[in-house]
Each structure stands twice: as C-alpha cells, then as structure tokens.
Amino acid sequence: MKKNSTLLFALFFLFFSSQAQLVVFGDDYAPGVGFVAFGGSVNNLSIDNAVKHSGTSSLKIPVTTGYTGGALVSAAMDVSAYNVLSFWAKNDMPAFKFDGAGLGNPADGTTVFALEVNGITLSAVWTKYYIPLPVPSKLTALTGLFHFAEGSGEGAYNIWIDDIQFETAAPGVIGTHTASFATETQAKAVGETFGANGTTSIYKINGVDQQMQTAKSYFTWLSSNTTVATFDNLGVGTANAGGQTKVTGKLGLVDAGGELTVNVTAPLATPAAAAPAPPARNASDVISLFTGVYADLAGTDWNPNWGQSTAVSEVNIVGNPTKKYTNLNYQGVQFQNPIDASAMTKLHFDVWTPHTMTLKFFPIVPGQPETAKLLNPTPNQWVSYDIDLATIGTSPLNNIIQFKFESDPFGGTTVYLDNIYFFKGNALPVTLSDFNVTKRGNTSVLNWNTLSEVNSKGFYVERSSNGSEFTALQFVNASNRLTSVKQYSIVDQTPLNGTNYYRLKQVDNDGKVSYSNIVSLKFSTFGLSAFSFYPNPAKTKITVLLQTINSRSASVQLTNAEGRMVRNVIINNQSSGSNINIDIANLAKGLYFLTLKDGPVVQTTKVIIN
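Residues numbered from 1 in each chain as written. Predicted model: local features only at pLDDT ≥ 70, side-chain atom pairs only at ≥ 80, totals over all residues. Heavy atoms only, no water.

> If you had to explain the side chain of Ser41 to someone new, which residues and values would you point to?
Looking at the secondary structure, you find Ser41 in the loop between strand 2 (34–37) and strand 3 (46–48). The buried category is assigned to Ser41, whose relative accessible area is 13%. Separated by 2.6 Å, the side chain of Ser41 and the backbone oxygen of Phe38 make a polar contact. Polar contacts involving the side chain of Ser41 include one to the main-chain carbonyl oxygen of Gly69, which spans 3.2 Å. Every residue in contact with Ser41, bar those within four places of it in the chain, is listed here: Tyr67, Thr68 and Gly69. (Helix = DSSP H or I, 4+ residues; strand = E, 2+ residues; numbered from the N terminus. Buried < 20%, exposed > 50% of the residue type's maximum accessible area, 1.4 Å probe, protein only. Polar contact = N/O pair within 3.5 Å; in protein donor to acceptor, adjacent residues only side chain to side chain. Contact = heavy atoms within 4.5 Å.)

Here's what the structure looks like:
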C-alpha cells in the first residue's frame, strides 16, 4: 500500500509540474526554441556546463563590445494559462543594471505584445526575476518567448541566465498593479492611425514596485466619440471623421492614468508622384538600405520596438514602394550587421511630409553620443538630401548599427521616406571654386571658376523653386584647361518670383555626372528691399549680397533655432549693392535664421550651418 501511495504521489507531482510551468530554457533551449540576434548586436552565447542555477548547465552571455541582445523564439505558443515569465540570473560584475529583459519581441520587427523591464540589478548570487503577464488571455500565439539586451558600457563581463519559464506564481509573489499612459493631444487626419504613448505598468513583486514598458495592445481603449475615432483589439486607433475625442484606457480591470485627446481634421495630402529615381552608380560605390534600384542590405529591421508611438508601413506611391511613418515621435532602423560606411562620402534619402516640421536624423554608433542632423523639408513635395558623412559628428563610420528619426513636433506627424543609401560621391573632373549668384536688376547672374578640368564635357546650369526638383536652364561647354583658372558666367533673364535655387550639373565626356553645392537668390514682386546669400549649407562664413537698402540703421541678424541672436551686423543705405561677410566658424551646427531689417521691411530666410 505504501508503494502504491508513493507512485500516485509521483504521478500527481509530474502532472502538476507539467501544468504549472512551460520551460523556455532549462539545461538547454527547450525543443523548438532557438536564439535570434537583434540587428547590430554582437553575440557569443554558449551552454555553460560549469555554472548553473539548477540541473547541469546555464546560458552564458558574454558582453564584450557594442551591445549583445536577441530573442528566444519558437512557433506560436499559447501561454494564456500562466501569469508570469520567470528566470534566474547572475553575473561576474556585481551591482550593475541589466539594460532590459522581457517578452513579445521575436527580433523580426513584430512587437505586438511586447513587455520589458529595464535597469534590473544583477549580482554574483543567483536571483529569481519575474515579468508579470498583464492580460494573459491575449497571449495565445506568442513567438517571442524571452528577450534581452545589454550594452558594454561597464566593460567586458559575463551574464548567466537559467530556468527561463512561464509559470503561475504563488499567491503573494505578484501583487496589485497600476497602469498609465501619456496625457497629450494628437492631431490626426481622417484615415490616419494613432495610439497612446508611454504605456507602462507597475506591479508589486514580493512587495517591491517593478515598472514595465507595456505594449498598448494589452490595454482596452475607450473613445468618447466613436464617430470621430475607434480602436481595434490591438490598441490601434483610426481617425474616422472630423472632430474631437477623449481616449481613456484600462489594463485588465484597472483604470490607467492619463488621457489622450485626438483632434481629427480633413484627410492629409499624400504624394502625387514617387520620389526621384536614384542615378546609375557602380555597385562598389553604394550601400543601399531601401531603394529597389541598388541591391538593398538584407535583414534590416524597419520597426524595432523602442517604445515609440510611430506606426510604420510600406505603401506604393505610383507603383514605387515607400516607407510611411504616421504619428511619428521617433523611429528606429536596426541593421542586421554593423554597416561599414568608411569608404562612402554621403548618405542620401528623400523625404515627403504634409507638415511644417523638423526631422531629426541620428546615425548611431555603439558607445558614442547621439548627434542629430536637423532637416527642414518643404511640405507637400519630395526633398532630396545628400548628407556629407564628414559633418554628421558620428564616428567610427565603420560601425553604424542603427538610425533614428525624430519629429519636431514630437508626435502626430506623417513622413514618407524613400531611396535611403550611402554612396561614394563621384570626384568632380574639375576643381570648382566660387560658385555664387548675385542680383542684377531683375536678373540672376551666376558665376563660377574652375582651377583645373580633366575629361569634362561641360555644365548644365539648373534651377529649382523648391531646392529639390531642378530643370536645366543652359548648357555651358567646358574649356578643359588642365591647370589655369577658367571663369564662367551666365545670366538667368527670367528668375522665378520667390526663392530661386541654382546648382551646376557637371558632365564628363564618358557620361558620368556630379553636382555642385546649391546657391539661392530671392525675388519679390512687392518692391521690397532684397538680399541673398551663399553658401547654404555654410561652414565658416556666410556672404550676404545686398541690393537697395533704404534705412540709415538697417541690420543683418543671425539667430539660432531657439530664437537667440548670435550675430548682428549693422548696415545703412550706403551699403546698397555691396557684400558683407558673417563669420560663423565658431557656431554650433544646426538650423539658423538670417534676417534683414531695413526700416519697416523685415525678411527672414533659413540657413543651415554644418
């Protein structure tokens, strides 16, 4: 009888254990579970038979350089019967913060049910950690079972993780929780999607508060005016009609703190034409991320889960695949492997937006501070950017792991991106200097010099009203003088009303082309004093070209994006028809405003200092 009782107890224990936990990693990866690295990460994971929490081994994670990170993934699993994901961990560098661990990120760009705990304190002693499942009933097809990420800022060390499993925690381990999201106002157009930002939850774990980044899909969202906007079961809102709605949320049965106000307007404009097609280039001169013309790098994650509100999609603009970012606050792009762009000279992309906004672009290199490149696209038209890699303030260029785009205003904007690639600028077959434009009456006079010319066919002088779409005005034959200075000049007899942008398209005898910098000049039909300047962007000085000045106490002022005046040059009516130079060598890079004040006349234009 005693033997039968023992057998029954063993069977009961086995049955209970199989129901109480679902193992992801024990002494090895569970059957069907594998590791997928995050883009740009450096990983050298191994099964360590010398160190373990229980059983025979653990998962060893060396942290050496850059960052290490990835996900333990499987075919879709139903984990709705459990209330936590737990794991044991330790390290050999006590008392530092583990950057992040969680679930719902399968390292493939889909992060619908992402959860993540940040700043986990590890030590040299095995410790058990818990990640509560906010609404387990939603997790019936989970593929990202566990993920982690850790930077190498503290130096080289090792992390060990063991006994990763879904389980039902004992009463008292997981206590009450609260939830919150950002209180803000978003402006949307009919047909756009949106969602709450800053969705978090705080759980009592053994009596201590633990905060988690909690995907909006776990929440239930309520729109006060469903005529204006509605939500699907993944927390994605859709603007249906003009008006205003107030959005509140619940996490399970708990009311979430915060309120989202959504003001819906008429549909936004969309691009009527595709972005300009990239020119033909040698394969060795290009690293393409998204063009469809050159060979694009494989494995780029265009929507990593960084807690952003941005909705990412790929749309066709006149048959051309284009990235569309709606409700943009910030958005990452993560590469499968670090990009070595050290042999390239420029980064190109095309931008279209219906908004007046600033797009901040950040190339990211491990261990380096993020430095923004500020772009101010003209609304409702494609604007092409060729960013000089020498000016982005990020190095080394052989280890670029990510891009980040950020909107100002922060959130609520829509941006289309296309033709994103590094390239090696073709060397001009001429040495070009002093390309400028001045006003003569109602005409534009363009002048440029060449110091030498080899294999040059000539120059197309091109003009644009927006700085992105150019048409040819005139072709000028090259002289092909090897060493002596050659001066060129043409006159635009009929400049456009408003700002005229000019550039030179230099053509080789073998058909290759390259471009000069862009210069601009403004004409007005209203009889105001006028001024122009060059170059733009500028590095060390700005040359301002003055026409008729009427005031005896006029000035040219340069202010930064915060509105602080950084240069002030006093002029008078005797300055008419002259040029003045403004020294900008010691100014920070970024967007500035150049203003001419001539009595009651005030004219302002943008200038980029890089």
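Read on, since the account is not over.
> I'd like a description of the sheet that holds strand 31 (residues 400–408), backed by residues and values.
Taking strand neighbours across the sheet as the criterion, the four strands line up as 26-31-28-29 in an open arrangement whose pairing is antiparallel. Each end of this open sheet is capped by a strand with a single partner; those strands are strand 26 (330–339) and strand 29 (373–375). Neighbour-to-neighbour, the strand axes of the sheet open up by a mean angle of 20°, direction not taken into account. For strand 26 and strand 31, the ladder comprises six bridges, and the chain directions are antiparallel. Following the sheet pairing, Val333 is matched in strand 31 by Phe403. (Pairing = 2+ DSSP bridges. Axes fitted to C-alpha atoms, helices over the stretch in contact; angles between N-to-C directions.)

> Tell me what's going on with the pairing of strand 25 (residues 320–328), and back it up with residues and numbers.
Burial analysis of strand 25 places seven of its nine residues in the buried class, the great majority of the element. Of the pairings in the sheet, the one linking strand 24 (residues 311–317) to strand 25 comprises seven bridges and is antiparallel in character. Across the sheet, residue Val312 finds its bridge partner in strand 25, namely Tyr325. Between the end of strand 24 and the start of strand 25, which pair antiparallel, lie two residues, with Val318 showing a positive phi angle near 50°. In terms of strand pairing, strand 25 meets strand 32 (residues 413–423) through four bridges, oriented antiparallel. The partner of Leu328 across the bridge, within strand 32, is Thr413.

> Summarise the environment of Asp108; cite the residues concerned and give the values.
Mapped onto the elements, Asp108 comes out in the loop between strand 7 (96–103) and strand 8 (115–122). For the pair Asp108 and Asp301, spaced 193 residues apart in sequence, the C-alpha to C-alpha distance is 6.9 Å.

> Could you give me a rundown of the confidence of the model for the protein, with the residues and numbers involved?
When pLDDT is averaged along the protein, the result is 85; 92% of the residues meet or exceed 70. pLDDT under 50 marks residues 1–19. Its contacts with residues more than four places away, or in other chains, come to two contacts. The low-confidence segment residues 525–529 (pLDDT under 50) makes nine contacts with residues lying over four places distant or belonging to another chain. (pLDDT = per-residue confidence, 0-100.)

> So what's going on with the sheet that holds strand 14 (residues 193–194)? Residues and values would help.
Neighbouring strands of a sheet are bound in pairs by backbone hydrogen bonds; such pairs are parallel or else antiparallel. Taken in spatial order, the three strands of this open sheet run 14-19-18, and their pairing is antiparallel. Two strands in the sheet have a free side with no partner beyond their single neighbour: strand 14 and strand 18 (229–231). Pairing analysis gives three bridges linking strand 18 to strand 19 (residues 237–239), with the strands arranged antiparallel. By the bridge assignment, Thr230 is partnered in strand 19 with Thr238.

> Provide a residue-level description of the pairing of strand 31, including the pertinent values.
With respect to burial, strand 31 is a largely interior element, eight of its nine residues being buried. Pairing analysis gives seven bridges linking strand 28 (residues 358–364) to strand 31, with the strands arranged antiparallel. Paired with Lys360 across the strands is Glu406, a residue of strand 31.

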